[in-house]
Amino acid sequence: MFQNNPLLSQLKQQIRDSKQQVEGIVRSSDKAFGFLDCDKKSYFIPPLAMKKVMHGDKIKALIEVVGDKEQAEPEELIEPMLTRFIARVRFNKENKLQVIVDHPLIKQPIGANVNKSIKEELQEGDWVVATLKTHPLRDDRFFFAQIQAFICQGNDDFAPWWVTLARHEQSRYPVQGLASYQMIDEYERADLTALDFVTIDSETTKDMDDALYIEPILDDAQQIGWRLVVAIADPTAYIPLDSSIEREAKQRCFTNYLPGFNIPMLPAELSDELCSLLPNEVRAALVCYIETDLSGELSTKPRFVCAYVKSKAKLVYEHISDYLEGNATSWQPDNEQISQQIHWLHQFTQTRIEWRKQHSLLFKEQPDYSFILAESGKVAEIQATHRRIANQIVEESMIIANICAAQYLDEITKCGIFNTHIGFDRRYLENVQKFLLANLGNENNQQDLEGRYSVDNLVTLDGYCQMRRDLETVEGNYLELRLRRFLTFAEFKSALAPHFGLGLTGYATWTSPIRKYSDMVNHRLIKASLHNQSYEKPEEDVLARLQEARRQNRLVERDIADWLYCRYLLDKVEQKPMFKAEIVDIMRAGLRVQLIENGAQMFIPMSQIHPNKEEVLANLEELALYIKGEMTYKIGDLIDVRLTEVKEETRSIIGEVIH
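Residues numbered from 1 in each chain as written. Predicted model: local features only at pLDDT ≥ 70, side-chain atom pairs only at ≥ 80, totals over all residues. Heavy atoms only, no water.

Here the focus is the side chain of arginine 524. Here arginine 524 shows up in helix α15 (residues 517–530). For arginine 524, the side chain forms a polar contact with the main-chain oxygen of isoleucine 239, separated by 2.9 Å. Separated by 2.9 Å, the side chains of arginine 524 and glutamate 246 make a polar contact. Every residue in contact with arginine 524, bar those within four places of it in the chain, is listed here: Thr236, Ile239, Pro240, Leu241 and Glu246. (Helix = DSSP H or I, 4+ residues; strand = E, 2+ residues; numbered from the N terminus. Polar contact = N/O pair within 3.5 Å; in protein donor to acceptor, adjacent residues only side chain to side chain. Contact = heavy atoms within 4.5 Å.)

Structure representation (structure tokens):
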């Protein structure tokens, strides 16, 4: 009799209107209850109400007071946590299909059905892509999903790769090539096949896109400088703008360098064969002539030409480094010409390193970690490799070549794809200034530093570089890691702008067109200008896609690595091995560290750092941990840790501090 009573409905509405309404994000707990995190406050969500929502949902809720406790009653869905998601197949006791979301804080099974396009017979534990179809707050029903795509079987050793690529909507398949390729460039090319070009790469590299030749510049038999000739593979000579290969490259943007193997941006027959600068093979190339004085300063404008080149040797990083560093090695150059090239490139590299020390910024030395895989996909070992002299030879040659490309594009074509970085986020400049004065200043130099670290100076390239050089005089990297939190991200722009991170007035990459779409674009611009052909400024959507693809690739690489680290360390937990580690983050819940030996990231819960949590304070502004009022740990510190647990399902490595 009360079901359709208008007075009762009006009373309910009045009660509802009298309650406080809030918006927030649902946060699950290890128990059946949860919390609604609003701007300045969190509200308890009781277990029954949690059945209507999921961790990460953005909702509106009514606040009720039960006893002396405020709690949230979910009212309206603003934005669901799940739309498209990765999950594992499960069958319940009634053999009904369900999916388990691949997320550490979403544990409830979701009923599901299968899209008719899926041909595989799903088994317990299989990995799939699903979409959420119904939500209790939106459809007045239960959670329900539809499986849209099969990823791989649950026991597939390559699941870390296939699942992660599916999560980020990236293809695991190479680009489809053509039956044959024809050169579409119609202009003549200079014949530079007589020059003693060499490539320097890893032993297993197939897609070799840069070759180097160098000679001293003489005046009356006296050396006055260096002439470096950089030859870069020219895939755009074979790729029409309206081709499927071009469209794929424009979407992928980069070769995807994954732990263990790569997914190339271009078809293998282009990247590894027709365009690769293989030894003793004539190849089309875009070539830049670069001249410097003996101090490494550019002495003339760069000159670009389209040419044919022939690499005289495929050199290997380790061989060249051992050879130049005087380590015992059986490897020797094939002939005197190759030996001479190696030594001249070495001398030029040392000159350019010194030039960059004075005029720009050098990279911080960090090891690279490589996963060595068995054929099954299991991690056999993890190697830490450091940049040696051969790596620096290639690095310095590519940097100066990209500086030259930026100058040329800015002056001649007035556009291009430039790599830029503006340094500190303008919103935090006053914080940066205060931090620098507090940590680098003293009574004797305070007045001088107020000018040096003024906001107006820090936004200039010279001011930023000077500040970075000041930091290099301070022992340890705590200050640099603190300041890193105030930096912006690098961006792609169509006009010249400084790159503060490199300390350069301009930088435009063109040296990896086999691996980067931006370099293909710059190749086309340079070639068009050389032959008086029309060209257009790169469109904003191309720059945006490059930015997004770079972000996605980094996430993919990180996520796969996290998974592989868990698999690698899982069977070592019983031994509780000890590691030297660097603190990379400080949170209220504990420390995040990176293991020096293999690069894995480990979480140290606060309970494993100090037994009394009341005596511990995590200062998130200082990125430091205080125990009993004293700074005990800070970001950048090296500490000893012990492995205690690995949770592969959440890709978590957990440890404890060895005091």
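Turning our eyes to something else, we now look at the sheet that holds strand β27 (residues 624–627). With antiparallel pairing, 3 strands are arranged side by side in an open sheet as β26-β27-β28. For this open sheet the edge positions go to β26 (616–619) and β28 (630–634), each flanked by a neighbour on one side alone. Neighbour-to-neighbour, the strand axes of this sheet turn through a mean angle of 30°, independent of strand direction. With 4 bridges connecting them, β26 and β27 associate as antiparallel partners. Residue pairing for β27: asparagine 619 is matched across the bridge by alanine 624. (Pairing = 2+ DSSP bridges. Axes fitted to C-alpha atoms, helices over the stretch in contact; angles between N-to-C directions.)

Here we take up the domain arrangement of the protein chain. Structurally, the protein chain comprises domain 1 (6–79), domain 2 (84–156), domain 3 (190–418 + 507–560), domain 4 (422–488) and domain 5 (573–657). For domain 1 and domain 2, the distance between their C-alpha centres works out to 27 Å. Tallying the contact residues gives 13 residues for domain 1 and 11 residues for domain 2. Contact between domain 1 and domain 2 buries roughly 980 Å² in total, counting both sides, with carbon and sulfur atoms accounting for 69%. Considering only the surface of domain 1 that becomes buried against domain 2, Met54, His55 and Leu77 emerge as the three largest contributors, covering 54% of it. Scanning the region where domain 1 abuts domain 2 turns up 1 salt bridge. Residue lysine 107 is joined to aspartate 30 by a salt bridge in which the shortest nitrogen-to-oxygen separation is 4.0 Å. When residues of the side of domain 1 that touches domain 2 are assigned to their parent elements, the largest contribution, 4 residues, is made by strand β5 (residues 69–79). Its residues placed into classes, the side of domain 1 that touches domain 2 shows 5 nonpolar, 2 polar and 6 charged. (Domains from an automatic or database assignment. Buried area = accessible area lost by both parts, 1.4 Å probe. Salt bridge = Lys/Arg side-chain N within 4 Å of Asp/Glu carboxyl O. Nonpolar A, V, L, I, M, F, W, Y, C, P; charged D, E, K, R; others polar.)

We now examine a negative patch on the surface. Residues Glu536, Glu539, Glu540 and Asp541 make up a contiguous surface patch of negative charge. Inspection of the secondary structure assignment puts aspartate 541 in helix α16 (residues 540–570). (Patch = residues over 30% accessible without salt bridge, like charges linked within 9 Å, V, L, I, M, F, W, Y side chains within 5 Å. Areas by Shrake-Rupley, 256 points an atom, 1.4 Å probe, with all protein chains shown as cover. Lys, Arg positive; Asp, Glu negative; His and termini not counted. Charge placed at Lys NZ, Arg CZ, Asp CG, Glu CD.)

Pairing within the closed barrel is mixed, and its 5 strands lie in the order β6-β7-β8-β10-β9. Averaged over all adjacent pairs, the angle separating strand axes in this sheet is 55°, with direction ignored. With 4 bridges joining them, strand β8 (residues 110–114) and strand β10 (residues 144–152) adopt parallel strand pairing. Pairing of glycine 111 across the sheet is with phenylalanine 144, part of β10. Along the sheet, helix α4 (residues 159–167) contacts β6 (84–91), β9 (127–134) and β10; its crossing angle with β10, the most-contacted strand, is approximately 130°.

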